[in-house]
Amino acid sequence: MAVVCCALAQPGYATPPIANPAKFLDQAESLRLQDHSQFVRMLEQIQPEADALSESDQWHLRYLDAWEAIYEGGSAKSEPQLHQIIDRSGDPALIAKASSLLLKILSTNRRYEEAFALANHLASILPEIKDPSIRFTLLTYLSQTVDLADQTDLAVQYARMAEDAIPPGETACRPLMLQAAALNNGKRLKSASPELRKAIDVCTNARQPVVTNAMWLILIDLYLDENQSGKAMALLDQISPAIQTAHYYDHMLSFQVRRAQAYLQLGNDDEAKKSALSALAMSQPGDLSEQLMDAYQVLYQIEKKQGHTAAALAYYEHYAALDKSHVDDVRARALAYDMAEQQLLVQKMQADSLSKQNRILKLRDDLTSKAVETSRLYIALLLVVLVSVVFWLFRLKRSQLRFKQLSCLDGLTSISNHQHFLGEAERLLQSLVKRQGTACLIAIDLDHFKQINDAHGHALGDIVLKRTVVICRQHLRSTDLFGRLGGEEFCILLIDCQRERGMAIAERIRVVIEATLVDAEGASISFSASLGLACTDASGYDLQRLSKDADTALYSAKRTGRNRLVASGEQVDQAEAQQTGKRASML
Ligand SMILES: Nc1nc2c(ncn2[C@@H]2O[C@H](COP(=O)(O)OP(=O)(O)OP(=O)(O)O)[C@@H](O)[C@H]2O)c(=O)[nH]1
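Everything quoted here is computed from the prediction, not taken from an experiment.

Helix and strand content of the protein chain: 24 helices and seven strands. The burial tally for the protein chain puts 44% of its 587 residues in the buried class. As displayed, the protein chain offers around 31100 Å² of accessible surface, 55% of which is attributable to carbon and sulfur atoms.

Set out below in structure tokens:
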């Protein structure tokens, strides 16, 4: 800071470039009200380097330029700058500060509706703003803005909130000043009010001359209201140098008007008129301030007192016009505030209705997802039912097949039963007819089986029957058909088998049966079988004929001594001729 001061104090030397522009701008900003002229010099110093600054520093400089323009009473060029900062800087802190300044411009220019709408917007985002410095700035501007609508309590409340959240580098000066100003505006302040005294003390200690001046001017105003013109005049003399140094337009105007009023109360009409006229001289075109109204009132009273009716009337007309404007302005502010409140209410209702709609949509979504979940469950349930049905159908089919299979099999030996054997034999023979294949049918009957049963029991008889089946199976192919016709009688249909081979297989079966021993009560018993064979070469493909021939051969084997094989045809006679022999002659 000292370097800056020295550099500025020697205009003949080239100014070195600013080493840290961001820090420089922060320092300048902190001096705005404390040392306004120094602040202006710093702005002038950095201005030539504006193009070389970083983007964020450029936005900061623009904000300070806008602030200075407003301070000097010219807000026209500041407004677009502030809008640019709000729309394009992307810096939340700067956006909040620029919004607060914009609020001040809108208020100053009596665009109350926009100001209150912006204030409502800023109040709505206030809870989201955690940065203490931005929060503080917003609260102070909000207090000022609602005070315009004569919302004294709300203005005091915002000011107290700011007082409770003073950021580092700030003091309680501004919040206390705002509380005093709001109370004064609401006609709740007296010259001895502690709020005002405290604000003056704190702002004096905080070296905030502009704000302190504002408090002094309020105190002077109160003195005048209370007809303490001597105190008012003494205080005006006391603060005169500070007012001149700060060079703040509003305060200079107010100062002149209060001085005119004080002189008038003290009976010094000449000085009162001089002060009132100099107040009018410094006023700007279109200025509707209450200060000017008071100035015209002073002039009117003086001219009236001195009998200058025409001049008095002329001042009165100005006064009346400003008073009307002032009343209109007060009404406009109240109306604008009400409208902004109404709009806020509408927005809230719209937001409520939107959130209700959103809730309904969410409920609908929930219902849809529940419905989807339910349909998924239904589908899963259906699948389970379907799988179960398929499974049960499969089991049913399997048991049906099993039953069917069982119905085809002999219960003791698990080979085809009589009925199934006949059916299958018929079918196989039919297929052989088509391709002129050959087959042999062997009829087997165990010899003296009754005696085995009688001698060793039915159970052993069953074992003998099962053993016979095992022996036969060992000599058959998978394509051959094997069945039990009943009791101790079996039948084999050898498919694609010539007579010679059929004879050989039948004989081998007979031999193995004859050689087989079965254990019975510690002893071994042997058994034998007689076999009759018939083949398609001689008997043809008719099952009845083939069976009959095989049976005849078997009967012949029994008659000629049992435990032998007899083939149908001439071989039967031959077998019968050798009744005493054990084997058929052709083997
Ligand atoms: N253990 C047992 N015996 C059976 C079964 N079915 C029939 N039998 C018996 O088989 C015997 C058949 O006797 P028969 O018809 O006189 O014939 P056989 O004693 O073998 O005399 P031949 O045939 O002339 O040699 C009867 O005693 C029946 O009770 C069976 O499933 N198990």
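A word on the pairing of strand β5 (residues 523–526). Sheet topology places strand β4 (residues 517–520) next to β5; four bridges connect them, and they run antiparallel. Among the inter-strand pairings, V518 is bridged to a residue of β5, identified as I525.

So, on to the pattern of salt bridges. Scanning the model with the defined rule gives 27 salt bridges in all. The salt bridge involving E114 is made with R111; its shortest N-O contact spans 3.0 Å. Salt-bridge contacts for R188 lead to D153; the nearest nitrogen and oxygen are separated by 3.0 Å. Here the residue R188 occupies a position in the loop between α10 (173–185) and α11 (194–205), and D153 occupies one in helix α9 (residues 152–164), the gap between them amounting to 35 residues. A single salt-bridge network, built from bridges that share partners, covers E79, R111 and E114.

The next point concerns the state of the cysteines. Tallied over the entire structure, the rule returns two disulfides. Paired through a disulfide, C173 and C203 show a sulfur-sulfur distance of 2.1 Å. Residues C173 and C203 share a disulfide whose torsion about the S-S bond is about 105 degrees; that sign makes it right-handed. On the criterion of sequence distance, the pair formed by C173 in helix α10 and C203 in helix α11 is long-range, its members being 30 residues apart. Residue C173 shares its accessibility class with C203, and that shared class is buried. Disulfide pairing is shown between C440 and C535; the S-S distance is 2.4 Å. Between C440 and C535, the S-S dihedral sits near 100 degrees, and the bridge is therefore right-handed. Residue C440 is located in strand β1 (residues 439–446), and its partner C535 is located in strand β6 (residues 529–535); the two are separated by 95 residues in the primary sequence. No difference in accessibility class separates C440 from C535, as the two residues are buried.

A separate point is the nonpolar core. Ranked by internal contacts, the top residues of the largest apolar core, which has 112 residues, are L82, L196 and M215. When residues of this core are assigned to their parent elements, the largest contribution, twelve residues, is made by helix α12 (residues 209–225). In this structure, M215 is in contact with M177, A180, L196, A199 and I200, ignoring residues within four places of it in sequence. Core analysis: the second largest hydrophobic core is formed by 34 residues, C472, I525, C535 and A567 among them.

What follows deals with the pairing of β1. Regular strands show a simple pattern: their side chains alternate between the two faces of the sheet. Burial of β1 is extensive: eight of the eight residues sit out of reach of the surface. Across seven bridges, the pairing between β1 and strand β3 (residues 489–495) is antiparallel. The partner of L441 across the bridge, within β3, is L493. The sheet contact formed by β1 and β6 spans seven bridges and is antiparallel. Note that in β6 the partner of L446 across the bridge is A529.

Next up on the list: the packing of helix α8 (residues 132–148) against α10. In helix packing, the relevant descriptors are the interaxial angle and the interaxial distance, both defined with respect to the helix axes. It is the contact of α8 with α10, at a shortest axis distance of 10 Å, that shows an interaxial angle of 10 degrees. When the axis of α8 is compared with that of α10, the two are roughly parallel. Here α8 contributes F136, T140, Y141, S143, Q144 and D147 to the contact with α10, which in turn contributes R174, P175, L178, A181, A182 and N185. Here the contact of α8 with α10 is composed, by residue class, of six nonpolar, four polar and two charged.

The subject of this paragraph is the sheet that holds strand β7 (residues 565–567). One open sheet accounts for five strands, arranged β2-β3-β1-β6-β7; its pairing is mixed. Two strands lie at the open edges of the sheet, namely β2 (481–486) and β7, each paired on one side alone. Averaged over all pairs of adjacent strands, the angle between strand axes in this sheet comes to 20 degrees, irrespective of strand direction. Where β2 and β3 come together, five bridges link them in antiparallel fashion. The residue bridging G483 from the neighbouring strand is C491, located in β3.

In the vicinity of the ligand lie 16 residues, with H448, F449, N453, R484 and R562 positioned nearest. H458 is positioned with one of its backbone polar atoms (N or O) 3.1 Å from a nitrogen atom of the ligand. E488 places a polar side-chain atom, nitrogen or oxygen, 3.1 Å from an oxygen atom of the ligand. Surface burial for the ligand is 66%, taken as the share of its 660 Å² of free accessible area covered by protein chains. Those elements that provide at least two residues to the shell around the ligand are β1, α19 (449–456) and α20 (458–473). Among the elements that line the shell around the ligand, the one with the most residues is α20, at four residues. Across the shell around the ligand, the residue classes break down as three nonpolar, five polar and eight charged.

Bringing unusual backbone geometry into the picture now. A positive phi is found at H247, a non-glycine position, where the angle reads about 55 degrees. Among the structural elements, H247 can be located in the loop between α13 (229–246) and α14 (249–266).

The next thing to look at is helix α2 (residues 21–30). Residues of α2 that are buried: P21, F24, L25, A28 and E29. Viewed end-on, α2 has its buried residues packed into an arc of 135 degrees, placing them on one side of the element.

A rise of 1.5 Å per residue sets the reference length of helix α17 (residues 309–408), with its 100 residues, at 148 Å; its end C-alpha atoms lie 143 Å apart and thus fit the reference within 8%. All of the buried residues in α17 are A312, Y315, Y319, L322, H326, D329, R333, A336, Y337, A340 and C408. Of the surrounding secondary structure, the elements contacted by the buried residues of α17 are α7 (112–125), α8, α9, α15 (269–282), α16 (290–305) and α18 (418–435).

Looking now at the confidence of the model for the protein chain. Do not read the predicted coordinates in detail wherever pLDDT is low. Here the protein chain averages 88 in pLDDT, and 93% of its residues register 70 or above. Within the model, the stretch residues 1–13 combines pLDDT values under 50 with twelve contacts to residues more than four positions away or in other chains. Low pLDDT (under 50) marks residues 575–587, which in the prediction has 31 contacts with non-local residues, meaning those over four places away or in another chain. Scored as a whole, the predicted complex attains pTM 0.51, and scored at its interfaces, ipTM 0.96.

Attention shifts here to the environment of S289. Along the chain, S289 turns up in the loop between α15 and α16. Residue classification places S289 among the buried positions, given a relative accessible area of 17%. Residues S289 and D323 lie 34 residues apart in sequence; the distance between their C-alpha atoms is 9.5 Å.

Thresholds, definitions, all that
Residues numbered from 1 in each chain as written. Predicted model: local features only at pLDDT ≥ 70, side-chain atom pairs only at ≥ 80, totals over all residues. Heavy atoms only, no water. Helix = DSSP H or I, 4+ residues; strand = E, 2+ residues; numbered from the N terminus. Buried < 20%, exposed > 50% of the residue type's maximum accessible area, 1.4 Å probe, protein only. Areas by Shrake-Rupley, 256 points an atom, 1.4 Å probe, with all protein chains shown as cover. Pairing = 2+ DSSP bridges. Salt bridge = Lys/Arg side-chain N within 4 Å of Asp/Glu carboxyl O. Disulfide = S-S within 2.5 Å. Core = buried A, V, L, I, M, F, W, Y, C linked by side-chain atoms within 4.5 Å. Contact = heavy atoms within 4.5 Å. Axes fitted to C-alpha atoms, helices over the stretch in contact; angles between N-to-C directions. Parallel < 35°, antiparallel > 145°, perpendicular 65-115°, else oblique. Nonpolar A, V, L, I, M, F, W, Y, C, P; charged D, E, K, R; others polar. Near = heavy atom within 4 Å. Polar contact = N/O pair within 3.5 Å; in protein donor to acceptor, adjacent residues only side chain to side chain. Arc of directions from axis to C-beta. Expected span 1.5 Å × (residues − 1). pLDDT = per-residue confidence, 0-100.

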